[in-house]
Amino acid sequence: MTNYQLWTGTYTQGELRDGIYRLGFDGKNLSVLESWGGLTDPSYLQPVGDKVYAVEELSEGGSIIELSPGKKEYRRWTLPGSGYCHVTALGNLLYASGYSGGCLAGFDLGTERLCEFIEHEGRGTDQKRQERAHIHSAQPTPDGGGLFIADLGLDRLFQYRIGPDGRLAPHNIQPFIQTGPGQGPRHFAYHPGGGLLYLATEMGQTLRSYRYDAGDSTLELLSEYPLYDGAPVKEDTAADVQLSPDGRFVYASVRGSDRIFCYRVMGDLLEAVGSYPCGGECPRSIDISPDGKYLAAANQESGGIVVFNRDQGSGELKGIAGRLEIAGAVCIKWAR
């Protein structure tokens, strides 16, 4: 029996309880291996080798946390801006996305100093959700030379080139691509082959597919697919998007309907496989095990981690393999 490890971050919501957990999974049971307290709303985690980096989602200021399995002590670095809800890594560089601050902070682990800080300006068409810029996530381009940034408030996926010092400069050919008005780009994922990108729009409840040109690092919209059954419900919001390790299937989670949607990758096109109950309420984060056998979901409102059996041939989710109640779980990552 293979033993797996997972990491989860939670909204502590002002309570004196642990915020980050390392979990074990043996194919049937989920259990807590260790946990860390003294944290405020560590809403997103990024495992990197034998370490894990997390951001604390604070209304004023922010921070990056570095921790390691088996060590209760952790390191914390303060960031300017606010509302950090995502962090990504590129070598010694970390880039943290600030939703409420509409900002992105670059941090150099080698020098332990801030190497970049940008704030987007503007607003979108949705007066309630897009009253200002809201950077929700960022990821390096497949070649590692650039950074795509999803700004929910401006309906744009920005691209910056990364300098040797970690500083960012707008892409000179395609500094951004625009989604439809009021769609709200949130999270995105690359196909393992590197030539495709899939973007989930939070309010639009769509999965947009793009061809990525590695030559000039530009995107071309291919198509758009619904993340709802029948007709969209205004109150529903799309959240996370992930691809299977073999690149044959893409999954996206939707809060409100509380479902996980699966599409089969057919070259440049996608084919609907089905949608599945998330096993709780508000699936904010999903992730697929490195061997492709399982999909895990962090259900924020119902408070728990659910692991599904995954049919690697059809892409279907085949029932719950494990469940663990953890209050405020908002991020789930398999250790790799």
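Details of the structure are given in the entry above.
Residues numbered from 1 in each chain as written. Predicted model: local features only at pLDDT ≥ 70, side-chain atom pairs only at ≥ 80, totals over all residues. Heavy atoms only, no water.

**Some words on the layout of surface pockets**
Worth spelling out the cut-off: Of the grid points, spaced at 1 Å and generated over the protein atoms alone, those admitting a 1.4 Å probe that cannot get out make up cavities, while open sets with protein on both sides within 12 Å along at least five of seven lines make up pockets; any residue with an atom within 4 Å of a point is treated as lining. Grid points are joined across faces, edges and corners, and a volume is the space filled by probe spheres set on the points. Polar here means any residue other than Ala, Val, Leu, Ile, Met, Phe, Trp, Tyr, Cys and Pro, which are nonpolar, and Asp, Glu, Lys and Arg, which are charged; Gly is therefore polar.
In this structure, the largest pocket encloses a volume near 850 Å³. Class assignment for the residues of the lining of the largest pocket results in 21 nonpolar, twelve polar and six charged. As for the second largest pocket, its lining consists of Asp126, Lys128, Arg129, Gly182, Met203, Lys234, Glu235, Asp236 and Thr237. Classifying every residue of the lining of the second largest pocket by side-chain character gives one nonpolar, two polar and six charged.

**Details of empty space enclosed by the protein**
Quick reminder of the rule: For helices the rule is a DSSP run of H or I covering at least 4 residues; for strands it is a run of E covering at least 2, with both sets numbered from the N terminus onward.
Going through the model one piece at a time under the given rule, you end up with one cavity of 30 Å³ or more. Considered as a void within the structure, the largest cavity measures approximately 50 Å³ in volume. Among the secondary structure elements, those contributing two or more residues to the lining of the largest cavity are β4 (42–48), β17 (185–190) and β25 (283–288). A breakdown of the residues in the lining of the largest cavity according to their chemical character gives three nonpolar, four polar and two charged.

**Notes on the packing of aromatic side chains**
Within a pair of aromatic rings, the relevant descriptors are the distance that separates the centres and the angle that separates the planes. Note the following rule: Pairing of aromatic rings covers Phe, Tyr and Trp, the last counted by its six-membered ring, and requires centre-to-centre distances within 6.5 Å; plane angles under 30 degrees mean stacked, over 60 mean edge-to-face, and any other angle means tilted. Exposure is judged per residue with a 1.4 Å probe applied to protein chains only, and the accessible area is read against the type maximum: over 50% gives exposed, under 20% gives buried, and values in between give partly exposed. Throughout this description, the term charge over a ring refers to an Arg CZ or Lys NZ atom that lies within 6 Å of the ring centre and within 35 degrees of the ring normal.
Counted under the stated rule, the structure contains 13 aromatic pairs. With a centroid separation of 6.3 Å and an interplanar angle of 70°, the aromatic rings of Phe25 and Trp334 are classed as edge-to-face. With Phe25 in strand β2 (residues 20–25) and Trp334 in strand β29 (residues 329–334), this pair connects stretches of sequence that are 309 residues apart. Assessed through its relative accessible area of 1%, Trp334 is described here as buried. Centroid distance Phe158 to Phe176: 5.7 Å. Interplanar angle 55°. Geometry classified as tilted. Here Phe158 is found in strand β14 (residues 156–162), whereas its partner Phe176 is found in strand β16 (residues 176–178), with 18 residues between them in sequence. Following the ring pairs from residue to residue traces out a cluster consisting of Tyr4, Phe25, Tyr294 and Trp334. Over the ring of Trp36 we find Lys72; its NZ or CZ atom is 5.7 Å from the centre of that ring. The ring of Phe176 is capped by Arg156, whose NZ or CZ atom sits 3.8 Å from the centre of that ring.

**A short note on the environment of Gly124**
In plain terms, the rule: By definition in these notes, contact holds between two residues if any of their heavy atoms fall within 4.5 Å.
Within the secondary structure, Gly124 is located in the loop between β11 (113–119) and β12 (135–140). For the pair formed by Gly124 and Glu66, sequence separation is 58 residues and the distance between their alpha carbons is 34 Å. When sequence neighbours within four positions are dropped, the list of residues in contact with Gly124 reads Gln130 and Gly153.

**Digging into the environment of Gly153**
Among the secondary structure elements, Gly153 is positioned in the loop between β13 (146–151) and β14. With residues up to four places along the chain from it excluded, the contact list for Gly153 reads Arg123, Gly124, Gln130, Arg132, Ala133 and His134.

**Details of the sheet that holds β29**
What counts here: Paired strands, in this sense, are two strands between which DSSP finds at least two bridges. With axes taken as lines fitted to C-alpha atoms, and helix axes fitted only over the stretch in contact, angles between N-to-C directions fall between 0 and 180 degrees.
One open sheet accounts for four strands, arranged β3-β2-β1-β29; its pairing is antiparallel. A strand with exactly one partner marks an edge of an open sheet, and here the two such strands are β3 (30–36) and β29. Along the sheet, successive strands turn relative to each other by an average axial angle of 25°, direction set aside. Here five bridges tie strand β1 (residues 4–10) to β29, and the two strands are oriented antiparallel to one another. Bridge assignment links Thr10 to a residue of β29, and that residue is Ala329.

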